[in-house]
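Summary of structural features
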Amino acid sequence: MPHEVHSVLFYSKKDIFKNRKIFIFITLAIIFATANIIFVNGLMDGMVSYDVDNTVESSIGHLNIYPKEDERFIDGLGIKEQRLKEMKEVDAYSPRLSVSGVLSNKELSFPVVILGLDPDKEGRVTRLLEKLDSGTAINSNDNAILVSSRLAEDLKLSAGDEATLAFETGNTREYKVKGIVRTGNLDFDSTTIIMPLNEANRQLGIDNKASVILIKLQDKEAADAYKPLLMQELEVSNVKTWKEEIEFLLRFSEAWRSFARVISAVGLIAAAVSVGIIIYINVIHKTRQIGIMKALGAKDSFVFKIFIMEAALFGVIGVSIGDVLGYLAIKYTEAYPFYDAVMQAWISARFDYYLLYNATLVSFAVTILSGVYPAIKASRVDIIKAIWGE
Amino acid sequence: MKIIETKELKKIYRLGKIEVNALNGVDVSVESGEFVAIMGPSGSGKSTFLNMVGMLDTPTSGEIHINGYDVTKISSSMRAEYRLKHIGFVFQFFNLFMELTALENVMFPMMLSNHPFYEERAEELLDMVGLKARINHLPSELSGGEQQRVTIARALANKPKLLLTDEPTANLDTKTTKEIMELFLRLNKEQRQTIIMVTHNPELGAMADRIIHFRDGVVVEE
């Protein structure tokens, strides 16, 4: 058997390197198909990861306590905060108040989501207040607001400007815009203003209440296990883990990943069809030589293996170079991210070894498969017809 | 000792609804070490006979005994194995592998049969046919006569019991034809190589030990 492999390899190598132009064409098709799989999926991973990380970093805690069903606020905030302080698995927490209002600058007005939060507590749970585009962050006792970036653009507001905020209670007040926040989350960046929790409570005439309490655990992955304990300790019924919070996002991301797989598959099929056609044409052109080979004593299985080996050699060379090219393309975007105008964020592809494993396996398998039909065709060549053209 | 014996060998080709009797009951025997020429007009069945004896094709009926063994009933895989080890072919149109050098062409059948010293033997064979200086040349760089000598060296690679040649000099000039025939005769005399040669040329046929004449798919004269 090893000698047969040696003979198959010997002839296959000679055959594929005989015509350099065809060799280069086939190899390039496989290289780009493989690199395309790695890069497109890596890019999609980068975008999805950015979105997920950004959401987790700026909008949610590892565990998030919401009001009971049909209730607007969580009551007894002080007691709950006290208990949270005593729980050793809880690293930090941040209560948030979320209400609606209208922000105006001169003649321009937009409905907004007013997010009241304690800057000190929030800073220990999320990085929301670090995402300043311009200006400075707010303090607990400031009478100032942060405006999200797209909203600021729509209202023609800059850091240092004054804007009028109307609360749902009917209170209206002038606030200094201390900074502009850009999270990269389209919805957040288009509708949100941030203000100190104390000031929000005061204007809304409420106390000891929150719309949500974000909790940061010492171990993010322990969220599922810790959720029931938290519900019991705090006597709350509506708690979501960070995974549950981003479930929709993950499903949406999966749809994008499927789209990326379709793009990759189209490229790969195009390459596989090219490889298959060229090997098939090679078989047709070599019919006479295949006949001679069989006349000399080569079995059908030997001829079959030759053309499978040719496909495998194209695969080994093309997939290897494609892997390197795909890897370098991802590393390039990691070093030089590009600006996504829709997300208003710098995006890069993200490398993971699974991309290499998948691309290598799929490209190689498809390349081999593309050689199967020509190989079967070759193995069934009739010696008499091949040699004498009868 | 008989190396080949055919009994009532028939081959019928079907061309649409028409049946063509290429061989119509051929009884031939060839002794080991013989040089036999097969002659006859086009369509007389001589090449079909060679294909049957060379196990490239299967008869419609009848028997082919090679070394006393009926080979008509063996599988295609075993036929390939038998061809590899016991039969050498020299075709009219040289039929070398164009992407392989002369040396590699001769090595190839020995690589298939797992010959331990295929490269050394290939060099010896090319030396024997007078091509030692051309071993690394591709077929496209060789003359017709040189290509046919490579084909002969390749045919002898696995020391076949039987060398079958079909119009081996049809595309060669007179001088080269003479050289090739001298090579066949030398192989036959010095190495007792059994050779069956199909030819149209009576002069070449006359060089063989025996001539078998075919006409309309039967042997008409021996």
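Residues numbered from 1 in each chain as written. Chains lettered and ligands numbered in written order. Predicted model: local features only at pLDDT ≥ 70, side-chain atom pairs only at ≥ 80, totals over all residues. Heavy atoms only, no water.

Tallying secondary structure elements over chain B gives seven helices and 10 strands in all. Against the globule reference of 17 Å for 222 residues, chain B gives a C-alpha radius of gyration of 17 Å, in line with a compact fold. The dimensions of chain B, computed from C-alpha atoms along their principal axes, are 50 × 40 × 40 Å. Buried residues in chain B amount to 55% of all 222 residues. Here the analysis covers contacts within chain B between residues at least 6 apart in sequence; of these, 72% occur between residues at least 24 apart. Here chain B contributes 25 positive and 30 negative side-chain charges, whose respective centroids are spaced 3 Å apart. (Helix = DSSP H or I, 4+ residues; strand = E, 2+ residues; numbered from the N terminus. Rg over C-alpha atoms; globule rule 2.2 N^0.38 Å. Buried < 20%, exposed > 50% of the residue type's maximum accessible area, 1.4 Å probe, protein only. Contact = heavy atoms within 4.5 Å. Lys, Arg positive; Asp, Glu negative; His and termini not counted. Charge placed at Lys NZ, Arg CZ, Asp CG, Glu CD.)

A common way to report how large an interface is uses the accessible area buried once the components associate. Each side of the interface is counted separately: chain B has 30 residues, and chain A has 26 residues. Broken down residue by residue, the surface that chain B buries against chain A is led by B:Glu99, B:Met111 and B:Leu112, which jointly contribute 24%. Inspection of the region where chain B meets chain A yields three salt bridges. The partner of A:Lys286 in a salt bridge is B:Glu99, and the shortest N-O contact between them spans 3.0 Å. In this assembly, chain B and chain A are joined by nine residue pairs in polar contact (both at pLDDT 80 or more). Within the residue set of the side of chain B that touches chain A, elements represented by two or more residues are helix 2 (76-86) and helix 3 (102-112) of chain B. When grouped by side-chain class, the residues that make up the side of chain B that touches chain A number 17 nonpolar, six polar and seven charged. (Buried area = accessible area lost by both parts, 1.4 Å probe. Salt bridge = Lys/Arg side-chain N within 4 Å of Asp/Glu carboxyl O. Polar contact = N/O pair within 3.5 Å; in protein donor to acceptor, adjacent residues only side chain to side chain. Nonpolar A, V, L, I, M, F, W, Y, C, P; charged D, E, K, R; others polar.)

A separate point is the sheet that holds strand 1 (residues 2-15) of chain B. Adjacent strands of a sheet form backbone hydrogen bonds with each other and so pair up, either parallel or antiparallel. Residue and element names in this part refer to chain B. With antiparallel pairing, the four strands of this open sheet are ordered in space as 2-1-4-5. Lying at the two open borders of the sheet, with one neighbouring strand each, are strand 2 (18-31) and strand 5 (69-70). For strand 1 and strand 2, the ladder comprises 11 bridges, and the chain directions are antiparallel. Counterpart to Lys10 in the pairing with strand 2 is Asn24. (Pairing = 2+ DSSP bridges.)

If you look at the biggest cluster of nonpolar residues, it comprises 102 residues, and the most contacted ones within it are A:Met293, A:Phe307, B:Phe49, B:Phe108, B:Leu126, B:Phe184 and B:Ile196. Among the elements that line this core, the one with the most residues is helix 12 (residues 300-335) of chain A, at 10 residues. Residues in contact with B:Phe49, not counting those within four places in the same chain, are B:Thr6, B:Leu9, B:Leu23, B:Val26, B:Val28, B:Ile38 and B:Phe214. Within the second largest apolar cluster, 25 residues are counted, among which are A:Leu63, A:Leu84, A:Val236 and A:Ile246. (Core = buried A, V, L, I, M, F, W, Y, C linked by side-chain atoms within 4.5 Å.)

Residue and element names in this part refer to chain B. If you trace the six strands from one edge of the open sheet to the other, you get 6-7-8-3-9-10, paired in mixed fashion. Of all the strands in the sheet, just strand 6 (87-90) and strand 10 (218-221) have a single pairing partner and so form its edges. Each adjacent strand pair in this sheet contributes to an overall mean axis angle of 25°, direction not counted. Taken together, the four bridges between strand 6 and strand 7 (residues 162-166) define a ladder with parallel strand orientation. Bridging across to strand 7, Val90 finds its partner in Thr165. Of the strands in this sheet, strand 6 and strand 7 are in contact with helix 2, which crosses strand 6 at around 75°. (Axes fitted to C-alpha atoms, helices over the stretch in contact; angles between N-to-C directions.)

The full count for this structure, using the stated rule, is 17 aromatic pairs over all chains. When the centroid spacing of 5.6 Å and the interplanar angle of 70° are considered together, the rings of A:Tyr11 and B:Phe97 count as edge-to-face. One end of the pair, A:Tyr11, is in helix 1 (residues 2-18); the other, B:Phe97, is in the loop between strand 6 and helix 3, on a second chain. An aromatic cluster is defined as three or more aromatic residues linked by ring pairs; in this entry it consists of A:Tyr11, A:Phe302, B:Phe97 and B:Phe108. The lysine or arginine in question, A:Lys220, covers the ring of A:Trp242, its NZ or CZ lying 4.3 Å from the ring centre. (Phe/Tyr/Trp six-rings, centres within 6.5 Å; stacked < 30°, edge-to-face > 60°. Lys NZ or Arg CZ within 6 Å of the ring centre and 35° of its normal.)

Right, let's get into the environment of B:Glu221. All names here are of chain B. The topology assignment puts Glu221 in strand 10. For Glu221, a relative accessible area of 47% gives the class partly exposed. Expressed as a C-alpha distance, the spacing of Glu221 and Met39, which sit 182 residues apart in the sequence, is 9.8 Å. The residues touching Glu221, leaving out its near neighbours within four places in the chain, are Ile211, Ile212 and His213.

Turning next to the domain arrangement of chain A. Under the domain assignment used here, chain A contains domain 1 (2-55 + 249-387) and domain 2 (63-245). For domain 1 of chain A versus domain 2 of chain A, the distance between C-alpha centres works out to 50 Å. (Domains from an automatic or database assignment.)

Our next topic: the environment of B:Ser143. Among the secondary structure elements, B:Ser143 is positioned in the loop between helix 4 (118-128) and helix 5 (144-155). It is 40 Å that separates the C-alpha atoms of B:Ser143 and B:Gly68, two residues lying 75 residues apart in sequence.

Moving on to the packing of helix 10 (residues 247-285) of chain A against helix 13 (residues 353-379) of chain A. Residue and element names in this part refer to chain A. At their nearest, the axes of helix 10 and helix 13 sit 9 Å apart, and the two run at 25° to each other. Comparing the axis directions of helix 10 and helix 13 gives the class roughly parallel. Here the hand of the crossing between helix 10 and helix 13 comes out right-handed. Contacts between helix 10 and helix 13 involve Leu268, Ala272, Val275, Gly276, Ile279, Tyr280 and Val283 from the former and Val362, Ser363, Val366, Thr367, Ser370, Gly371, Tyr373, Pro374, Lys377 and Ala378 from the latter. Among the residues forming the contact of helix 10 with helix 13, the class breakdown is 11 nonpolar, five polar and one charged. (Parallel < 35°, antiparallel > 145°, perpendicular 65-115°, else oblique. Left-handed = near helix turned anticlockwise from the far one by under 90°.)

Now for the packing of helix 10 of chain A against helix 12 of chain A. Residue and element names in this part refer to chain A. Remark: helix 10 packs on helix 12, axes separated minimally by 11 Å, with the N-to-C direction vectors making an angle of 145°. Considering only the axes of helix 10 and helix 12, their crossing is right-handed. Here Ile279, Asn282 and Val283 of helix 10 lie close against helix 12, whose contacting residues are Phe307, Glu310, Ala311 and Phe314. The class makeup of the residues in the contact of helix 10 with helix 12 is five nonpolar, one polar and one charged.

Residues and elements named next belong to chain B. Among the five residues in strand 8 (residues 194-198), five count as buried, and that is most of the element. Because side chains alternate across strand 8, one face comprises the buried residues Thr194, Ile196 and Val198, and the other comprises Ile195 and Met197, equally buried. Two strands pair when backbone bridges link them, and strand 3 (residues 35-39) and strand 8 are joined in this way by four bridges, in the parallel orientation. By the bridge assignment for strand 8, Ile38 is matched with Val198. For the crossover from strand 7 across helix 6 (residues 174-191) to strand 8, the handedness is right-handed. (Right-handed = clockwise from strand over helix to strand, strands pointing away.)

Moving on, we get to unusual backbone geometry. Residue and element names in this part refer to chain A. Although it is not a glycine, Asp70 adopts a positive phi angle of roughly 70°. With respect to the helices, strands and loops of the structure, Asp70 is situated in the loop between strand 1 (63-66) and helix 3 (77-86). You will see that Lys106, though not glycine, has its phi angle at about 55°, which is positive. Tracing the chain through its elements places Lys106 in the loop between strand 2 (90-105) and strand 3 (108-117).

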